[in-house]
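Structure assessment
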Amino acid sequence: MSLVAKQNRTKTLLLLLCITLVVLNYTTGVLVYRYYVKKLSMTSLTCRLVLKDGLLKGQIEINPPKDFAVYPVDYQVYFHDKRGDTIQLVADSLNGKNYAVFNVPAKEKLLSGEWYAVGYSNVKISWLWLSMNLALPIEVELK
């Protein structure tokens, strides 16, 4: 076999090896990402609120699926009037706890007007070699 033929064969093998590694890397990334998103969507964050006697009483619960590490950092619950202006904010640190209770005085506008609440929780998520910080929405339920 000539020297030129050996060089062409070596280049072809290296090219095929590189293409195979790129395809495997892409396929692995897609599969891991899909599984990661599925686990993340299975994580439930809820806030149950009670407005009683001028007090806002609430509890925050974060329920991640099995085999999925979620480290809650903090939470914020915003109370807005019908124009979208913020009436009140309730926020605190969670420090890794999946459960928190709060009891704060309600503002006058909450007692007398129309309002709605939205919540967010900053969490650190770790799974396999992936780790990131995300703000996840909290489902707010008024009792």
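In this report, the structure presented in the accompanying data block is examined. (Residues numbered from 1 in each chain as written. Predicted model: local features only at pLDDT ≥ 70, side-chain atom pairs only at ≥ 80, totals over all residues. Heavy atoms only, no water.)

1. Let's talk about the nonpolar core
- Counting residues in each nonpolar core, the largest one holds 24 residues, and the members touching the most others are Cys47, Ile60, Tyr75, Phe79, Phe102 and Leu110.
- For this core, the secondary structure elements donating two or more residues are β1 (44-52), β2 (55-63), β3 (69-81), β4 (86-93), β5 (99-105), β6 (115-127) and β7 (130-142).
- With residues near it in sequence (within four places) discarded, Cys47 still touches Gln59, Ile60, Val77, Phe102, Ile138, Glu139, Val140 and Glu141. (Core = buried A, V, L, I, M, F, W, Y, C linked by side-chain atoms within 4.5 Å. Buried < 20%, exposed > 50% of the residue type's maximum accessible area, 1.4 Å probe, protein only. Helix = DSSP H or I, 4+ residues; strand = E, 2+ residues; numbered from the N terminus. Contact = heavy atoms within 4.5 Å.)

2. A few points about the environment of Arg9
- Along the chain, Arg9 falls in helix α1 (residues 3-41).
- Classification of Arg9 as exposed rests on a relative accessible area of 53%.
- Separated by 11 residues in sequence, Arg9 and Thr20 have C-alpha atoms that sit 16 Å apart.

3. Side note on the pattern of salt bridges
- Using the criterion set out here, one finds 3 salt bridges in the structure.
- A salt bridge links Glu61 to Arg48, with the shortest nitrogen-to-oxygen separation between them at 2.8 Å. Note that Glu61 is positioned in strand β2 and Arg48 in strand β1, a separation of 13 residues in sequence.
- With a shortest N-O distance of 3.6 Å, Glu141 and Arg48 are connected by a salt bridge. Placement of Glu141 in strand β7 and of Arg48 in strand β1 is noted, with a sequence separation of 93 residues between them.
- The partly exposed category is assigned to Glu141, whose relative accessible area is 27%.
- Residue Arg48 is classed as partly exposed on the basis of its relative accessible area, which comes to 22%. (Salt bridge = Lys/Arg side-chain N within 4 Å of Asp/Glu carboxyl O.)

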